[in-house]
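A structural walkthrough
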Amino acid sequence: MDFEKLAELLFPDIKNTPDHYENLYPARELPDKAEVTRIGPSPTGFIHLGNLYSAMAGERLAHRSGGVFYLRIEDTDNKRKVEGAVESVISSLDYFNIKFDEGAEVDRQAGKTSYGPFYQRQRAEIYQTFVKDLVKKGLAYPCFCSEDDINAIREVQTEQKLDIGYYGKWAKCRDLTFEEIESRIKNGDPYSMRLRSAGQPGNTIKFKDEIMGEITLPENIMDVVILKSDGIPTYHFAHAVDDHLMRTTTVIRGCEWLPSVPTHVELFNVLGFRRPKYAHTAQLMKIEDGKKRKLSKRKDPELSLGYYRELGYHPEAVRVYLLTILNSNFEEWYQKNQGVPIEEFKFSLNKMGVSGILFDLLKLDDISGTLISNMEREEVYDYFYKWMNEYKPESVPVYFADPEKMGKIMDLCMGIGQKRRRKDFINCIQMYDFLSYFFDEIFAPVYEFEKYEDMTAIIEEFKNTYDYNDDASTWFSKLKLIADKFGYASDMKAYKQDPEGYKGNVSHVAEIIRVALTGKKNTPDLWTIMQILGNDSCMTRLDKALSYLGK
Ligand code: GLU
């Protein structure tokens, strides 16, 4: 067969050669050991935690080594395309502060050589150029099999319990003559392009995965499709061409791609490309009923990135949490390096988990609580304000009617000016609930009263003796007097020695007042809460509690 002639027949419009693109996208000028990594989402509208996990690994690897992290939109499958998906990927990356240097929409390193376009559909001519070259070398051929033909082959293979696919004697179009091909093309028959695999059954390939370690897999024997009938490549071929021309040094991607590595290895070989390193990230799992299982799109809202935004998790908390599950030595580093930007942590691929990464929302809450408690009040205020405007705009006039009041509430709940910071806040939705009792307009207590003796009398006595101008210690002395008056111990030591001798102690008295004023058994400092609420509000609330208690 005259392969040159075949190549011209199949790709008459392709005038460039691979050399053209090799020169157009030269090796990057980067420091030694600099890594080039990427995220390659398909625009299906769903970028999830697993993507973010891999993206963060890629971003850290690139930026810690003085390299480049870029965004490539893998839109070869037009059927699955969702409007607005690219914007949503970009805004998610932005939100979680994962900065890419080059990529779709934004070429952030202006002035430097661009390795784009970064949308695969815009690169059709590039892929076709490389396929044409493979045809010239006898390494690729057109296949006219229809979907029905392929299904028929699969049926027989299934029946005979053979490997499923287009290979060996099943590869019907492998040895078509030039004349056959020419006449079918003239006839307008659609065709795809396939790799002529040189793989042999029984052979294996060995490679080192940067995360998973040494891996041995069967060699590829399939004549995989490299170009679909519309001239757009499959993932496999686009991966080889793009990661080569964009000069990726390490491909970080989900472990679902691991079984495809032999195909990719063969493609890199036939194309004459140097292979990038591979790093396959383990599956994210959760524990349910004591068992580990994969996070699922259908069952687990926490898999979607929108979840964290809607609930108002501070993106930094999600980043810290992701680093915690990304690198086993991060947590210890983070604890020892309070206040040091997490970017300084020496991220490495070989500290990543190799199977079933456990994702635990309670741990995220814990990290988030600590992180917020260490922030400046202004930062938390602004963050909460922005979130409220986006997700609870109708409540903004209530919560933020008096910015000074909100400032005081935040100081109180964060423990600012107190001996120790408080961890009352976890995320915005929880803050929204937590803070609701501070606002008369929406104060709707579900009273958490325990059963103590003389509750109404205690509340009445408190109401009668309360003076807004009392300082905290006078206020507390009065509480003790009330305790004494109603047979509650004002002295904790005395109470501990003889608990039966009293109806309770002063902390129970305080609890009664606390629940009466806020509905809740646990709140930050009650004297301060009353200072923030103001005298009138407190009196009204005490009355409300009294009538609740059935006076
Ligand atoms: N488009 C592929 C995916 O979404 C990307 C895999 C890769 O990073 O190579 O799974």
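Residues numbered from 1 in each chain as written. Predicted model: local features only at pLDDT ≥ 70, side-chain atom pairs only at ≥ 80, totals over all residues. Heavy atoms only, no water.

A separate point is the overall build of the protein chain. In terms of regular secondary structure, the protein chain is built from 23 helices and 15 strands. On C-alpha atoms alone, the protein chain measures out to a radius of gyration of 33 Å, which is more than a quarter above the 24 Å that the 2.2 N^0.38 rule sets for 551 residues. If you line up the protein chain on its principal axes, its C-alpha atoms span 110 × 55 × 40 Å. Across the 551 residues of the protein chain, 51% fall into the buried class. (Helix = DSSP H or I, 4+ residues; strand = E, 2+ residues; numbered from the N terminus. Rg over C-alpha atoms; globule rule 2.2 N^0.38 Å. Buried < 20%, exposed > 50% of the residue type's maximum accessible area, 1.4 Å probe, protein only.)

We now examine the nonpolar core. A general tendency of soluble globular proteins is for nonpolar side chains to be buried together. The biggest cluster of nonpolar side chains holds 173 residues, and the ones touching the most others in it are Ile226, Phe237, Phe384, Tyr399, Met406, Leu435 and Phe438. Here isoleucine 226 is in contact with Val131, Leu134, Ala140, Met193, Arg194, Leu195, Pro233, Thr234, Phe237 and Leu267, once residues within four sequence places are set aside. (Core = buried A, V, L, I, M, F, W, Y, C linked by side-chain atoms within 4.5 Å. Contact = heavy atoms within 4.5 Å.)

Below, the discussion takes up unusual backbone geometry. Backbone torsion omega between glycine 116 and proline 117 reads 0°, so that peptide bond is classified as cis. Mapped onto the elements of the fold, proline 117 is located in the loop between strand S3 (102-103) and helix H5 (124-136). The phi dihedral of arginine 247 is positive, around 60°, even though this residue is not glycine. Considering the arrangement of structural elements, one finds arginine 247 in the loop between helix H8 (235-245) and strand S9 (250-254). Residue class for arginine 247 comes out buried when judged on its relative accessible area of 18%.

One can describe the packing of helix H1 (residues 3-10) onto helix H7 (residues 178-186) by two numbers: an axis separation of 11 Å at closest approach and a directional angle of 5°. Considering the angle they form, H1 stands roughly parallel to H7. Along its contact with H1, which presents Lys5, Leu6, Leu9 and Leu10, the element H7 presents Phe178, Ile181, Glu182 and Ile185. Looking at the contact of H1 with H7 residue by residue, the class counts come to six nonpolar, no polar and two charged. (Axes fitted to C-alpha atoms, helices over the stretch in contact; angles between N-to-C directions. Parallel < 35°, antiparallel > 145°, perpendicular 65-115°, else oblique. Nonpolar A, V, L, I, M, F, W, Y, C, P; charged D, E, K, R; others polar.)

With that settled, consider the side chain of aspartate 75. Looking at where aspartate 75 falls in the secondary structure, it is placed in the loop between strand S2 (68-71) and helix H4 (85-95). We note that aspartate 75 is buried and unpaired, the nearest opposite charge coming from arginine 121 at a distance of 5.4 Å. One polar contact links the side chain of aspartate 75 to the main-chain amide nitrogen of arginine 121, over a distance of 2.9 Å. Not counting residues up to four positions away in its chain, the partners in contact with aspartate 75 are Pro43, Tyr119, Gln120 and Arg121. (Lys, Arg positive; Asp, Glu negative; His and termini not counted. Salt bridge = Lys/Arg side-chain N within 4 Å of Asp/Glu carboxyl O. Polar contact = N/O pair within 3.5 Å; in protein donor to acceptor, adjacent residues only side chain to side chain.)

Across all of its chains, the model carries zero disulfides by this definition. Looking at cysteine 538, it has no disulfide partner, and the nearest cysteine sulfur is the one in cysteine 413, 15 Å off. Cysteine 538 gets classed as buried once you look at its relative accessible area, which sits at 0%. (Disulfide = S-S within 2.5 Å.)

The next point concerns the packing of aromatic side chains. In total, this model carries 33 aromatic pairs according to the counting rule given. On the numbers, 5.8 Å between centres and 55° between planes, the contact of tyrosine 308 with tyrosine 313 is tilted. The buried category is assigned to tyrosine 308, whose relative accessible area is 0%. Members of the aromatic cluster, each reached through a chain of ring pairs, are Tyr381, Phe384, Tyr385, Trp387, Tyr391, Tyr399, Phe400, Tyr432 and Phe439. Above the plane of the ring of phenylalanine 178 lies lysine 5, whose end atom (NZ or CZ) is 4.4 Å from the centre. Above the plane of the ring of tyrosine 166 lies arginine 194, whose end atom (NZ or CZ) is 3.6 Å from the centre. (Phe/Tyr/Trp six-rings, centres within 6.5 Å; stacked < 30°, edge-to-face > 60°. Lys NZ or Arg CZ within 6 Å of the ring centre and 35° of its normal.)

Right, let's talk about the pairing of strand S10 (residues 277-281) for a bit. The element S10 is extensively covered by neighbouring structure, given that four of its five residues are classed as buried. As paired elements, S9 and S10 share five bridges and run parallel to each other. Opposite valine 251, over in S10, you have tyrosine 278 as the bridge partner. Of the crossover connections in this fold, the one passing from S9 over helix H9 (residues 261-271) to the parallel S10 is right-handed. (Pairing = 2+ DSSP bridges. Right-handed = clockwise from strand over helix to strand, strands pointing away.)

Taken in spatial order, the three strands line up as S4-S5-S8 in an open sheet, and their pairing is antiparallel. If you trace the sheet from one side to the other, it starts and ends with strand S4 (140-143) and strand S8 (225-227), each paired once. Taking the axes of each pair of neighbouring strands and ignoring which way they run, one obtains an average angle of 45° across the sheet. Of the strand pairs in this sheet, S4 and strand S5 (residues 192-195) are connected by four bridges, and their pairing is antiparallel. Bridging across to S5, proline 142 finds its partner in methionine 193.

This part covers the sheet that holds strand S1 (residues 36-39). The sheet built from three strands is open, its strands ordered S1-S2-S3 with parallel pairing. Two strands in the sheet have a free side with no partner beyond their single neighbour: S1 and S3. Direction of pairing for S2 relative to S3: parallel, over a ladder of two bridges. If you follow tyrosine 70 over to S3, its bridge partner there is glutamate 102.

In this section: the site of the ligand. In the vicinity of the ligand, the residues found are Arg38, Gly40, Ser42, Glu74, Tyr235, Arg253 and Trp257. Within the contact set of the ligand, an oxygen atom lies 3.2 Å away from a side-chain nitrogen or oxygen of tryptophan 257. When the ligand is considered free in solution it has 300 Å² of accessible area, and contact with the protein chains removes 82% of it. Partitioned by chemical class, the residues of the shell around the ligand number two nonpolar, two polar and three charged. (Near = heavy atom within 4 Å. Areas by Shrake-Rupley, 256 points an atom, 1.4 Å probe, with all protein chains shown as cover.)

Mapping histidine 244 onto the fold places it in helix H8. Apart from the residues within four sequence positions on either side, histidine 244 is in contact with Glu22, His239, Phe268, Phe273 and Arg274.

Counted at 1.5 Å a residue, the expected span for helix H6 (residues 147-159) with its 13 residues is 18 Å, and the 18 Å between its end C-alpha atoms agrees. Positive phi shows up at lysine 161, right after H6, with a value of about 55°. (Expected span 1.5 Å × (residues − 1).)

The next thing to look at is the pattern of salt bridges. Per the counting criterion, the structure on display carries 34 salt bridges. Between lysine 208 and glutamate 210 there is a salt bridge whose closest N-O contact spans 3.7 Å. A relative accessible area of 21% means that glutamate 210 is categorised as partly exposed. Residue aspartate 543 is joined to lysine 463 by a salt bridge in which the shortest nitrogen-to-oxygen separation is 2.8 Å. A residue pair is termed long-range when its members are at least 10 positions apart, and aspartate 543 in helix H23 (residues 535-548) and lysine 463 in helix H18 (residues 455-465) qualify at 80 residues. Taking the relative accessible area as the measure of exposure, lysine 463 reaches 24% and is therefore partly exposed. A network of salt bridges, in which partner residues are shared, links Arg38, Arg72, Glu74, Arg123, Asp242 and Asp243.

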